[in-house]
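# Chains, contacts and geometry: an overview
Spelled out from the first residue to the last, the chains are:
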Amino acid sequence: QVQLVESGGGLVQPGGSLRLSCAASGSIDRLYAMGWYRQAPGKQRELVATITMGGATNYGDSVKGRFTISRDNAENTVSLQMNSLKPEDTAVYYCKAFDAAGGSWGQGTQVTVSS
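To start, this report covers the structure provided alongside it. (Residues numbered from 1 in each chain as written. Predicted model: local features only at pLDDT ≥ 70, side-chain atom pairs only at ≥ 80, totals over all residues. Heavy atoms only, no water.)

### Structural notes on the overall build of the protein chain
- From N to C terminus, the protein chain includes zero helices and eleven strands.
- N-terminal to C-terminal, the α/β element order of the protein chain is β-β-β-β-β-β-β-β-β-β-β.
- In terms of overall dimensions, the protein chain is globule-like: its C-alpha atoms have a radius of gyration of 13 Å, near the 13 Å expected for 115 residues.
- Structurally, the protein chain occupies a C-alpha span of about 40 × 25 × 20 Å along its principal axes.
- Taking all 115 residues of the protein chain together, the buried fraction comes to 40%.
- In the protein chain, of all internal contacts separated by at least 6 residues, the share reaching a separation of at least 24 is 51%.
- Between the averaged position of the 10 positive side-chain charges in the protein chain and that of its 9 negative side-chain charges there is a distance of 5 Å. (Helix = DSSP H or I, 4+ residues; strand = E, 2+ residues; numbered from the N terminus. Rg over C-alpha atoms; globule rule 2.2 N^0.38 Å. Buried < 20%, exposed > 50% of the residue type's maximum accessible area, 1.4 Å probe, protein only. Contact = heavy atoms within 4.5 Å. Lys, Arg positive; Asp, Glu negative; His and termini not counted. Charge placed at Lys NZ, Arg CZ, Asp CG, Glu CD.)

Structure below.
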């Protein structure tokens, strides 16, 4: 089993920045990618960004050019740098670790963008 611990969520004004972090522990040897998803009230959970352990990235259309995902394989962590935040970015952000069995989810961290 993989355990994921997220941190960094909070309240930020439109146009501001926030950095989320996710630390993986447990059975991490079979992970091939990690990523971030988000879910707003009444909405489907959607892709934010993913990154393979080799560094290949993929972003959801709504965050391209504003968010950057990165990883530190040695520390088994993944981060999400969020810039130029918009009210539409308000959601619970979930970290995911991918393996052959599907993967594991973090507990989620709230991001609120409001003036």
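### A look at the pairing of strand β8 (residues 77–82)
- Where strand β3 (residues 18–26) and β8 come together, six bridges link them in antiparallel fashion. The residue of β8 that forms the bridge with Leu-20 is Leu-80.
- Between strand β7 (residues 67–72) and β8, which pair antiparallel one after the other, the connecting turn spans four residues, and Asn-76 there sits at a positive phi close to 55°. (Pairing = 2+ DSSP bridges.)

### A look at the packing of aromatic side chains
- With the rule as written, the count across this model stands at four aromatic pairs.
- Look at Tyr-32 and Phe-98: their rings are 6.2 Å apart centre to centre, the planes differ by 40°, and that puts the pair in the tilted class. Of this pair, Tyr-32 sits in the loop between β3 and β4 (33–39) while Phe-98 sits in strand β9 (residues 91–98), placing them 66 residues apart in sequence.
- According to the relative accessible area criterion, Tyr-32 is partly exposed, its value standing at 47%. (Phe/Tyr/Trp six-rings, centres within 6.5 Å; stacked < 30°, edge-to-face > 60°.)

### Observations regarding the nonpolar core
- Trp-36, Leu-80, Met-82 and Tyr-93 are the most contacted members of the largest nonpolar core, which totals 27 residues.
- Taken together, the elements giving at least two residues each to this core come down to β1 (2–7), β3, β4, β5 (46–52), β7, β8, β9 and β11 (109–113).
- Among all residues touching Tyr-93, those that are not within four sequence positions of it are Glu-6, Leu-20, Trp-36, Tyr-37, Arg-38, Val-48, Phe-67, Leu-80, Met-82, Gly-108, Thr-109 and Val-111. (Core = buried A, V, L, I, M, F, W, Y, C linked by side-chain atoms within 4.5 Å.)

### Considerations on the environment of Val-78
- Counting through the fold element by element, Val-78 comes out in strand β8.
- Distance from Val-78 to Glu-6, taken between C-alpha atoms, is 9.5 Å for residues 72 residues apart in sequence.
- If near-sequence neighbours (up to four positions away) are discounted, Val-78 is found in contact with Leu-20, Ser-21, Cys-22, Met-34, Trp-36, Ile-51, Ile-69, Ser-70, Arg-71 and Cys-95.

### Section: the state of the cysteines
- In the structure shown here, the tally under the stated rule is one disulfide.
- Note on cysteine connectivity: Cys-22 is disulfide-linked to Cys-95, with sulfurs 2.1 Å apart. One disulfide, between Cys-22 and Cys-95, carries an S-S torsion of -85° and so falls in the left-handed class. Remark: Cys-95 occurs in strand β9 and Cys-22 occurs in strand β3; sequence separation between them is 73 residues. One exposure class covers both Cys-22 and Cys-95, and it is buried. (Disulfide = S-S within 2.5 Å.)

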